[in-house]
Every structure is written in structure tokens, then in C-alpha cells.
There are 4 protein chains.
Amino acid sequence: MKAWSDEAYTLFEIQQRDRGIDVDAAVRRLSALAVETPSWGYGDSGTRFKVFQKEGVPRNPYEKIDDAAVVHQLTGACPSVAIHIPWDKVDDYQYLRDYALQRGLRIGAVNPNLFQDDDYMLGSATNADAVIRNKAIRHMLECVDVMREVGSSALSLWFADGTNYPGQGHIRRRKRWLQEALTEVYAALDPGMRMLIEYKFFEPGFYHTDLADWGMALQAANQLGGQAQVLVDIGHHAPGTNVEHIVAYLLDEGKLGGFHFNSRKYADDDLIVGAMNPYELFLIFYQILDAERDTDGLVARTAYEIAYMIDQSHVIEPKIPAMIRSVCNIQTQFAKALLIQHEELQDLQAKNDVLGAEHAVRTAFEFDVTPLVCRMREERGLPMDPMRAYYESGYAEKICERGVGGSGW
Amino acid sequence: MKAWSDEAYTLFEIQQRDRGIDVDAAVRRLSALAVETPSWGYGDSGTRFKVFQKEGVPRNPYEKIDDAAVVHQLTGACPSVAIHIPWDKVDDYQYLRDYALQRGLRIGAVNPNLFQDDDYMLGSATNADAVIRNKAIRHMLECVDVMREVGSSALSLWFADGTNYPGQGHIRRRKRWLQEALTEVYAALDPGMRMLIEYKFFEPGFYHTDLADWGMALQAANQLGGQAQVLVDIGHHAPGTNVEHIVAYLLDEGKLGGFHFNSRKYADDDLIVGAMNPYELFLIFYQILDAERDTDGLVARTAYEIAYMIDQSHVIEPKIPAMIRSVCNIQTQFAKALLIQHEELQDLQAKNDVLGAEHAVRTAFEFDVTPLVCRMREERGLPMDPMRAYYESGYAEKICERGVGGSGW
Amino acid sequence: MKAWSDEAYTLFEIQQRDRGIDVDAAVRRLSALAVETPSWGYGDSGTRFKVFQKEGVPRNPYEKIDDAAVVHQLTGACPSVAIHIPWDKVDDYQYLRDYALQRGLRIGAVNPNLFQDDDYMLGSATNADAVIRNKAIRHMLECVDVMREVGSSALSLWFADGTNYPGQGHIRRRKRWLQEALTEVYAALDPGMRMLIEYKFFEPGFYHTDLADWGMALQAANQLGGQAQVLVDIGHHAPGTNVEHIVAYLLDEGKLGGFHFNSRKYADDDLIVGAMNPYELFLIFYQILDAERDTDGLVARTAYEIAYMIDQSHVIEPKIPAMIRSVCNIQTQFAKALLIQHEELQDLQAKNDVLGAEHAVRTAFEFDVTPLVCRMREERGLPMDPMRAYYESGYAEKICERGVGGSGW
Amino acid sequence: MKAWSDEAYTLFEIQQRDRGIDVDAAVRRLSALAVETPSWGYGDSGTRFKVFQKEGVPRNPYEKIDDAAVVHQLTGACPSVAIHIPWDKVDDYQYLRDYALQRGLRIGAVNPNLFQDDDYMLGSATNADAVIRNKAIRHMLECVDVMREVGSSALSLWFADGTNYPGQGHIRRRKRWLQEALTEVYAALDPGMRMLIEYKFFEPGFYHTDLADWGMALQAANQLGGQAQVLVDIGHHAPGTNVEHIVAYLLDEGKLGGFHFNSRKYADDDLIVGAMNPYELFLIFYQILDAERDTDGLVARTAYEIAYMIDQSHVIEPKIPAMIRSVCNIQTQFAKALLIQHEELQDLQAKNDVLGAEHAVRTAFEFDVTPLVCRMREERGLPMDPMRAYYESGYAEKICERGVGGSGW
């Protein structure tokens, strides 16, 4: 930190104290924020037009964990890594778990792959062919077994199932097949395990998607039970959708299980989280932090137990720097949301003061939170600038020996 | 009917019989289709830029019923009329009911107005001010009383409630206030009454809308009980939304209560139903007719009990002709959907024959159903061309004596 | 300013100087930013569902100028006011001009109203009726006369012209009628006058809009000549449209004439500028400031001569505070854009450093520019907090004597 | 044709004659409609999640031509095939041309590939690196040479160029590089050659696309000259865009060069043309046929010289049947548009009869045009049902010997 940074922090602290913000508490809450990175985010991904292959991309699950560990070392915020089966299939999951632990990581959500096997071309759990539906269920059950072995508590389900043309599939029958599959898998969960159900507006289905929106995911989760929750991927919505509203709604129902973070301008663009519309990310965190303060135990607990996960497609970006940038973007917007003065805001809302209440939220967004983030890093002995630290670490050069290859997205 | 029409019908019948379609049954089902018109659809409506006032627009609820009766006489398909309180407020609702009955109509859904009173500027049932929230509840309860007096069985609820700016309102608190209001009103319903809960993507709220999508409406209805269902206004969705999927989903849950028919290209454009994308309307009817055939009693019953209602904003169109055109468009697409060969389609779906199944649905759409619609009209002694019959009736000239005025949308 | 503000400014200056930013130049550029407010923005406006009427809304053009003068006194940034004819029609325009001058204002753009006369229901300059087309042209020519009298140099044209249904109008014929009308009006312009041509994606036309996008407006302007340019209303685009790209494109062609500032989430929501997606506003200013630095004289001149105008619809907001907030939001994002380090950025772009270049832009956005904006205000003797100054001025109470009424949007 | 088909045709002819439609002329116009199929449409394509490989997919350009020849034999409507370089690169283009001729085909548009070479990851003609920009220009010039050898008259240009993040590229500089590249390639065209410039809303660029809409493509074409025109890919627009309006606009400017046909519901879904919204396809043809009748020679000639091309991505469909279905869908909607009664329509438009004019267009759409299409096929000795003829031909089985493989989209 340059000299002016200490002054900047002092100034920041005075300024926030004047507003009634407990800066120490903010630093603590920021410090506790954990963001899971995905093993497939370290591999090459692309668009349907081309996958550009990069040097240094990991060749196996262990190298992905190596990369994830580097991101955690530099940011202190990414203690777990999500895996995708069969991309991360190994003979000895116990070994994978230990490999991660030795690098300061644990295995997070387990993600079954239900879209790359040729059998799944016209649907996995909703395929008209019962044999394929059953295959999909078996694969999910296999992933529950993997969860036990790697010590994971979250089964993260994304179904690419849908149709491309009217009439291609029987919508309601597919809906029931999906629920049957979920029911069977749900029954196999151990008590501490969660099933996170993801939805998506479209793609790869271009006419209808079996789980097309949060309403369908919530209804499915409601019918399953308390261990089933909804996973919100920020990019999986129709144009204009108010995502923070959905977040607030699901929190209020105790059904928000987790996030797949990324950002978008057009469709499911899977860009770096916070890059396209940082204010939206801030507003999502505003809803979450508001819920954390709620006197309703279920709501507050739900908010605290959210699984924050990154899920992006780095088409043109170097993988590890893109992941570091993502984590920093999340921290920045989270830190800003921590500066919202909730008492003042609630007063203004109660008085129906439209401009006043809007301003109360917006004020928090306009602060430069560099001092807050830096103090958190300083206290934890982390590099002030994780990106620069990465470039100076030599790791980028070192992994070039891996050559060109890699997988996943 | 010109001479070639009889031949056309004969040919049509042979053609359909060859496909295994029971034309008589199709005529019967088409004949039984009832579409409710809205009293406010006979009055002037406009955009925020201008309400163009037309000659001959009704000056009171009775004249609206007169106009609705004309539409029913000409189409035979519109036996009920929806009312909006206080726009259709009268001293003696018994008299209004009888007035309608004498003209062959009954009163359909009762719609409380929760958006034009100055108090509701920042919300009705979700207003931060408890006095206003209570006022909204009282108004809905008043409408339940009106239902009893006019013999209506449907309370149709649209809340214009929402916010224009982040922070303006507390989203989750508003959610709970809304559910409290609905709960109180629901408790006042008589056994045979239904509460239809409408949702809307946006407008007049431009940041968040308290009931923003079908998922929120369904969750509210689920928490209320069996007399609460969801109302789908076709124009109230985000761009690209697959509306027929939502229709199928709600049918499968036994929760599709009714429709507000209209059409759109951009936002909630409220154009004549079937005018922008007739195929979408056909696909909606495909889902409904498929549900009517379901062996699951709840699904089939739900489909048969759907309240079909028109809700449009005729900004530049003459009102009565626009309504007649709307009814005809609905009949045309419904008739086409009646020509889907479900057995063949299910076979193709079971075989995962993508192009075949799509073609089976599309084939029905490509038929010219004029013969079918005309036979239905002939059997019931209705005019073959309701629009021409209207223009020839002299009614349009007669109502000019009303001058310029009118209300509602 | 509290004590820490001086320190904040000092710190800010050091910080920026380290980055190679000339803070004095930034203050000067910010100080020179002039934003025109619209006379109709001080009156009541609404949605199609309801216009809520407020106390204290101006009753005539003079009171609108009074209000605009207050906004300029408090912000120092709004030296001109746009007028709308016939809403602001007066007998003596010379007097109106002087009235404004005495209050420190000049009359800015003159806006013909081509959508509220009953004749224009189905089009003004594109109406199938030649009499109505001619009437529209006469009205625009009348406005050119008004320009001369009030000393305005900009004719701001928005055509609400479009159709609601396929077939309703002949699209290409209407296109030619529009160009004929523009040609006739263009010929009447004095040398120093500009014609600003606005486009709109949809509304009030819900099928097609004669000037639907920037491409149509540019083509029209190209065919007219150098005094015709395009006016970009930020809310008049399809979902997802990259507005800053259009801005850059038009600048490069020397054809960006002005802006109508507001913000949106869904359609043409006309909310307070910068409220929904502040980053987008910043990115627009980035393109403009980049063009101001261009060595191509046409591009730089075009950028410097942009007419910045606010055009919003304050449905639920108090008018004058909403206008002050708008100006402040513009200043904030403009100030942030002034902190972009263009040399560094161009280096990174030249090296195809994706993450580096993105970061260079984003860095400027993350600064808190309060010190910069405050210094500008201080230097010019303006209130540090224009909103608070307004509330303390007593003006809000004073205008209550106007009662309820008002007009325009 | 079954017996009732002759009767159906007779009835159809009487019905249309009564409306003043010249059925013989309609048959002739339909018969003259030529639709180019793309060589890459016979190969496997997919989404970013998976390319499902099919049996029987062509292994080289010659097999693609074999497949295209089959489609032409069965439909009589596809006399040319577009090629993509380097996907269809061969040593001897003269041989390729002759190979096609012997199968009744000619080579249509030549499409350079500017997105799959690793060098193009961050842009081809707009890359910050001059060496890569030059490489892109060389490749386009190479394609002009190929045009001469294969006897093609159309260079079809799609640039995947764009950026994923704000700041990543200098938007205006990229704009100028693109125009420079186009200018150099344009200069190399022989007199009879056309350059067709395609635009795209987004993908693979997710922040900005250098040629993002028709306005940018038109402006580029205008600056090049008369041999440059715009290519409209139906799926390359923002949600809600009125595509037929753009078509009409470009026709009126003499700048509509061709189409890439496909259909979409969400983004650039590349589904079978006419499958999602058949009415839109009909309305596009309405604009074209209206232009063909125009007395303005440029407009009519432009309409007659449109290059109709299919460009789809058959992810789950068998390739040849999908192509046959596409051609049939085009013929169906084109035939319907041929039934519009233009004189009646223009009368109604002139009278500002909104409902009447809309109905005049819609009436044509509601006819079943099977008799018209069948008569055209009968007259030309083509199979009545091309799809059935294909399945009965044994070709599908025969090509299975090719095994699994293929390329392109």
C-alpha cells in the first residue's frame, strides 16, 4: 500500500462512522465471504463457433485443484472448488479430497453432467426413452456417492433438457418425469446434504426448457422437501428480469440455496461477474444482507447458508486472472452493500420517500471501497493486489509447461 | 355462404376424417368455447401519450352491457361480461345483473381497481402505509360483496403494485403484506367462488413489480388454497417467454384459472389477440386441449374450467369491431388446435422423431378452418361473417348518438 | 463540507496525479458540462393507467421557466430549457425569451408536438391523408419560426408515427412521406440551426415505428445534409442494445446531435437518468470523451457540440428534486469518465490485453468522485449539496400555492 | 395426390379468382423462387455445450454437393449451393464447379471464414494487430479469386468481430479498420459481383459487435458503392425487432442484397426457417412482393435480385430432411403472400381503415396453400411430398456408409 492508502483508510473510517456504519463489522463480514470456484472454469471453453485453446490449461482434476488453490492463496476467499462428473472423474475420490485439503481446499458442489453423452441429445431426465431417463438418474445417484467420498454437501443440478420445436416433446409428461427423477435422487441424500436446482431461460433448448425459470425450480424444490433449494445463475433469465427481486423472494421462502455468478448483456453470456452491470450485483447483495439482518430465523439462516459459486465461460480471457478478477469484483460489490445504512433506509421507506430511499441505497454504491477491502486483506496477510501478486508469482509461466489442452467450462 | 362453401366443407370433412379427426366433435367443442368480454374494452383507452376519444363509446355500465350483448348475438361466443369496480359501480347490482340477463348475458369476473385512487400511487396492498393497505383490502372485500349480488364466481385481481427505483420499497416486506391481504380476502370467498391472481412483468412499476411472474402468483395461490388460481395475461411476460409452457405447467398443477387474451410484440402492447403471432395462440390451445384429454382428473377439470377472458386496449380501433375480430381470432386458432391428431403426435414423440412430431402439430395449424367455423355458426343460426353482420346491423350508426366520452380499458 | 472533505480532496488529487490525470482539467471540463432541462419535465406526467397530480406543478410556461431557473441556480449546469409547442405556446415569444434571460436561462431546443392532436391518431408526417401530412409540416415550420423568436438553434423532432398492425400502413410509402416532410422543414432552417432527429424502438406504435432505430434516423439525416443530426434517447432501444456503441458510431460519422437522457430497465421507462444502470451512462461518456480527444476534427467537434438534454417522465417523483438528482447523476458519471487514463488504455488495447484494458476503464468508474464534483461546485460558488440546498430554500413550500394542475412530460 | 386434391385445387382456384387473384401468375412466381442451401448445413453443428455427431454426414465438399443436389431434385427450388472457405477448400475449384453442374447445381455465395483461425480470437478485420487485419483481407481477396473460379457472383461476409468487455477494443478505430478492409476487398470485385454484408446483434461478441445491426451494414455499403448490399439473417436481431420493417426499408434504398433464413425464439437460435413464427416469414414476403410490384425500377429490381439463402444450425435434426422442411416452409409462406390482394389493401390503407387493412393481409395468411404448391410441383414433375419422397428414395440409408463425421454449420 502506498502512503496515501493509510490516510485513505482513516478517512474512510471516519466517513463511515459518521454514517453509523461499523467498519470493523463490515471487515469481518467481508472476510467471511467465501466464493467457490469451479474446476471447469480453469479449462478451455468457447462459443459454438470456436473453442480457442490456451497454453497452460490444466490437463486433469489435480491440476485444476492446483489452479484453484492459487486463487485461494491470493484472495483468501475461495476455500472450496466445485467438481463436474465425469470431467473430474477419478479412481480414488478420497485421494482427490486429500489432494485438495493439502492445498487448503475442500471439494464443494458436485455437478453431474447430463448433456454431453450422446444419449442425452433429446433430454436426460425428461427423455421420452425410459432407458435414458434411468441412466440419468443413475448418474445423479453416482454423484451422491461421490459427494460422500469427497465430503461434499451440495449436489448442484443443471438439466440441459428442453426441446427445439413445438410438439417435439410432451411438456407436461416431461415435467412429471423430471419430478420423478428428482424425487428418486432426493431420497438418496444424506441428512446434511443439499440439492441445488438450477433453472435456465433457454439454451441449449431453443423452444422450451424443462426447468425454464425460478418458479419451476421452486415448485420442484417445494415438492421435494427442505433439503432441496433453488440455485440462481445470474445469466439464466429473460431480458430485463429483476434478478434481485427473485433473490429476495427465494430468501423469504427459505429456498435460495446458491448462486452461479457470472454476468451478461444479451443471453447467457457467461462473462466475468460484475463486468457488465456492477450495480445489479450490488443490488443482489443488498437483498442478501438485508435478509441476513432479518428477525425471521429461517430467512436469516437461509441468507447465511447461501452457496456462492462462480460459473463462467472464459472464452478469450486467461483463466486464472479471470477468476481472480471475478473474486475481486464480488468482494467490491459485497463491500459496497455492507455500507448501506439499513436503519435510515427503512425510515425513508416507511415514509414513502421515493428519492430519499433510492439515494440511501445508491450512496453506498458510490463509495470507493478500496480501503475496506485492503484492510481485510492486510489483516489476513493477503496480497493487497491479488492480480499483480499473481503476475509476479511466476505461476503463469510455470504452467505453460502443461502445453495446450484442457476441458470443461 | 357462397356455393363453393358447401363443397369446401364436404372436402374439409373428408380430409379430416382421413386423418382420424372427428369433425362433429370438433364442431361441438368449438361451439362450447365461451369467451368473456370486458366492460372496459368497450370504452376509450390509450397510451400515456394520448387517449383518442371516439364517437359512440358507452357512457355507463348499461351501455357497455348493450355493446357486449351485440358481440354475443353476433358471435354466440361471449355469454358473460367482466366488470371493473368502481368503473362499473351502480347503486343496484341486482338491477345490473337483470339488465344483463335480459340481454342474454351474465356478469363474469369482478375486477377491483387498485391503481387509480391517488392513495395507491406507491402501492395498494403493498403500500408502506397500513391505512392504505387496509383500504385496498376493504375495496377487494367490497368486490366480493358485488360478486354475490351480480352472481359472479370469479374475483380477478391485478395489482399495479411495484416500485420504480432500487430501495424505494422493501421487497420482502411488501411480499408479506400482499400475502396478508390475499389471505384476508380469500377467507371472505364463498365456496363456489374463485380468486384469479394475475401477474405482470412490469408497468406501471418500472423497477420491480410485486407479482412479477407466474411463479409468484402460483406460490401465492398455493399458500391460499384450492379456490385461488393463476390468471395468465398473454402480454405480461418478458421478451421471448414461452407462454404455452407456463400454461401447460399451471394446468399440470391444477392452478390455471383463466386468461386475459390480447397480443403483443414489444411490451404489454394489449393489441387484438392473435394479431401479432397467431401460431403462439394456437400453441396455447394445443396445450389446453391436450390437458382436456388427460386421464388425470384434476388436469382435465382444470382445463375445462378455464375462464377465457379478453383484456385489450383498443387505442386506434373501433371498439365493437375490435372485439368481434378478437373473438373470431380466438375461434380460428382454437379450431386449428382441434385438428391436432394427438395419437399420431404421441407416437412420434415417443419415438423421439423431432421433425415428425413438429410436423404433426404444424399440420393442424396450416389448415384453413373456415369450413369448421362456418358449420358451427350455421348450426347455431349465427351470422357466417359476424363482422359484416355488425356493419350491416346499423348498430354502429345508432350508438353515435351517445356522442364522445367513455371510460376504462 | 465537513473537515474530512478537504483531506478527501487532497488525497483524491494525489491519487489521480499519480495516475497521470490532470485534476484541474477534469474540474474545468466538468464545469463546462451543460445539461438542458425540458419545460415539460416540471409538469405532471404518468403512465397509461393514471397521471397522479401533484401540488405545486407549474401552470404555464413562465412557471416552468421559474422552476428550471431554480435547478440551474442550484447546480450551475442547466443554462437552457427546452420547450414543447403547443404546450409552451405563448403570444409573445420575445417576452418568453426575455423572461428566461432575466432568470439566467436561454431557450434551448424547440419540440413540435405531433401526437396529441386528434388528427394524428394514425400518423402525422406519415399519415395516409395528405391534408394531415401537410398539417404536420406546417406545424414544424411554425416551430422553426418560434426558434427564430426565442433564439433557439435546435429543432428537436420526435415522430410518434407508426402502426399497430401488419398491413395497417404501407411501410415504404410512409418512409417516403417522412423524408419529404423532413426535406421541406430542413429547407426552412437558417444556417446556424440544427435539426435533431429522434428515433424510438416502439410506443405508441406497437407493430412498426416509422423511425424505429438510429439507422433510420442516420439515413434520413444523411440525405438531408450537414445541419441534420441524430438524437439519441437512451431509453429508445431494444433490450440489450449497446447504446454506447451507437454513440461512438454516430460520433465517428459526425452525426451525433444530442441526447435525451433518462434510464430504463424494461421499455421506455423514462426513469431518472443513471438510476438503473449507472455504468452504462459512464460508458457513454467514455465514448464521448474519447471522441473529444480525437485528432479527426469532425469527430472532436461533433463531440463538443452535443446537445445534452434530459427527457424523463416523473410519475411518482417530486419534479424539481427529480431534476436535480438527474443532473447530479450525470455529473457523477461524467466525472468518473474524466478519470479514464486514455494513454494507458490505448496501450493495453494495442496489446490486445483484454483484462488489462477492461480494468483500465473500470478503475475510473470505481473512484468516488465526490471530491472532484465538490471542488467544481466550490470554485463556482454553488451549493455543495444541491438537493439539500433545494429543500432548505423554501421553494418547495412556496410553489404549493400554485395548487394542483400542470401539464406535459 | 389423393382424389380430393383435384377438387381442392379447383375450389381453391375459384375462391382466389373471386378475390381477383391470378392463380397462374402465382404458380409461376412460386415456381421461380430459388433458395440457396449452404454446404455447411449438411454437416454437423451444435451448441457450445455439445456437437452431436450424426451418421451419414458428408466428409468433403463433394458429398455436401451430393446432398444439396438431392434437395434440389426433390424440391426443384434449390439450384445453387453456398460454400465456405476454407471448409470447402479444394485444389481444383473448376472441378468443384463442374461436379456441381453435373448434378444440376451451381455454386452460389462464397463465404470467407474469419472466425476459426486462432489468430482471429480478438478480431479479424478489426483486430488491433495490423498483421492479423491484413491476413483477414488476404483471405477475403482469396475468396474473390475462388468466386471467379467457381462462377459465383456473391461474396457473403460475416464478421464475428466484436469484444466481450467495455474498453477491450477501441470501438471507433475498429469501425475504421473494418471499412478499410471492406474498401480493399470491394475494389477487387469484378463488375457483376456483389458484396453482401451481414450484421449480427451479438455472439460471439458479448459486449459489442463491430457490425451490430442493419444500420451499420447499410452505412458501410453506402460508402462502398452499388455492388455492396446488406444481408439480413433473420435471427440476428434484438428481441422484438420488426424484421419486415428492416426488409422494407432496405428494399426502398435498393440495398437489400440477400437473406440468411432460419428462425428463432430467443437469440440466434438458428432453427428451421418458419418454425417459430410463420407469420413473420409471411410478412417478410409481403414486403418483398409489394416491392416487386413497385413502379420505382430500383426497388422492383432490388426485390427480384434478392439472394435467398438458408443458414441454419441443425443440432438435433437429420440434415437433409431439415433442409427439405426448410424449403417447404419457405414455399408455403411465400405462396400465402402471393394471395395478398394488393389493390384492395391499398384502398383500405388509403382510407385509414385499420381493421380492414389488417384483415386484408391476414386473410391471405389463413388460406391453406397446399393446392397452389402442389400444382406448381405437378407442373414441374416434382414429387408432391418432397419429404416422403426423400424417405422413400433410400438415400438416407445409402449415406450411412459415410459413417460419423462431417463439419461446418
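Residues numbered from 1 in each chain as written. Chains lettered and ligands numbered in written order. Predicted model: local features only at pLDDT ≥ 70, side-chain atom pairs only at ≥ 80, totals over all residues. Heavy atoms only, no water.

By the naming in an unreviewed UniProt entry, chain A is L-rhamnose isomerase/sugar isomerase, taken from Alicyclobacillus sacchari.

Broken down by element type, chain A carries 16 helices and 10 strands. Since a compact globule built from 409 residues should have a radius of gyration of about 22 Å, the 22 Å found for chain A is in line with a globular shape. Residue burial in chain A is summarised as follows: out of 409 residues, 72% are buried. If you sum the accessible surface of chain A, you get close to 12,600 Å²; carbon and sulfur atoms cover 49% of it. Between the averaged position of the 41 positive side-chain charges in chain A and that of its 59 negative side-chain charges there is a distance of 2 Å. (Helix = DSSP H or I, 4+ residues; strand = E, 2+ residues; numbered from the N terminus. Rg over C-alpha atoms; globule rule 2.2 N^0.38 Å. Buried < 20%, exposed > 50% of the residue type's maximum accessible area, 1.4 Å probe, protein only. Areas by Shrake-Rupley, 256 points an atom, 1.4 Å probe, with all protein chains shown as cover. Lys, Arg positive; Asp, Glu negative; His and termini not counted. Charge placed at Lys NZ, Arg CZ, Asp CG, Glu CD.)

Under the counting rule described, the total for this entry stands at 94 aromatic pairs over all chains. Considering the side-chain rings of Phe201(C) and Phe202(C), the 5.9 Å spacing of their centres and the 85 degrees angle between planes classify their relative orientation as edge-to-face. For Phe201(C), a relative accessible area of 11% translates into the label buried. Through pairs of rings, three or more aromatic residues link up here, namely Tyr279(A), Phe282(A), Phe365(A), Tyr279(C), Phe282(C) and Phe365(C). Directly above the aromatic system of Tyr249(B) lies the positively charged group of Lys175(A), at a separation of 4.7 Å from the ring centroid. (Phe/Tyr/Trp six-rings, centres within 6.5 Å; stacked < 30°, edge-to-face > 60°. Lys NZ or Arg CZ within 6 Å of the ring centre and 35° of its normal.)

Let's shift gears to helix α3 (residues 61–75) of chain B. All names here are of chain B. With 15 residues, α3 extends 21 Å from end C-alpha to end C-alpha; this agrees with the ideal 21 Å at 1.5 Å per step. For α3, the buried fraction is high: 12 of the 15 residues fall into the buried class. The set of residues buried in α3 consists of Pro61, Glu63, Lys64, Ile65, Asp67, Ala68, Ala69, Val70, Val71, His72, Leu74 and Thr75. Where α3 begins, one side-chain oxygen reaches toward the backbone nitrogen of Tyr62, 3.0 Å away; that side chain belongs to Asn60. Once α3 ends, the next one or two residues include Gly76, with phi positive near 65 degrees. (Expected span 1.5 Å × (residues − 1). Polar contact = N/O pair within 3.5 Å; in protein donor to acceptor, adjacent residues only side chain to side chain.)

When chain C is fitted to chain B, the best match, at an RMSD of 0.0 Å, comes from turning it 180 degrees and sliding it 0.0 Å along the axis. With respect to symmetry, the two chain copies, as superposed, fit the operation of a two-fold axis. Taking C-alpha positions as the reference, the residue of chain C nearest the rotation axis is Arg48(C), at 2.0 Å. A share of 100% of interface residues in chain C that are also interface residues in chain B marks the association as one of identical surfaces. (Least-squares fit on C-alpha atoms with pLDDT ≥ 70 in both. Contact = heavy atoms within 4.5 Å.)

Moving on, we come to the interface of chain D and chain C. Counting residues at the interface gives 60 residues for chain D, matched by 60 residues for chain C. Applying the counting rule to chain D against chain C returns 14 salt bridges. Asp296(C) serves as the salt-bridge partner of Arg176(D), at 3.1 Å between the closest nitrogen and oxygen. The interface formed by chain D and chain C contains 34 residue pairs in polar contact (both at pLDDT 80 or more). (Salt bridge = Lys/Arg side-chain N within 4 Å of Asp/Glu carboxyl O.)

A few words on the interface of chain C and chain B. You'll often see interface size given as the accessible area lost when the parts meet. Taken together, the 44 residues of chain C in the interface contact 44 residues of chain B. Of the roughly 3,900 Å² buried between chain C and chain B on both sides combined, carbon and sulfur atoms contribute 66%. Three residues stand out in chain C for area buried against chain B, namely Arg48(C), Phe49(C) and Tyr266(C), and they jointly supply 23% of the buried area on that side. Summed over the shared surface of chain C and chain B, the result is 8 salt bridges. In this structure, the salt-bridge partner of Arg48(B) is Asp268(C), at a minimum N-O distance of 2.8 Å. (Buried area = accessible area lost by both parts, 1.4 Å probe.)

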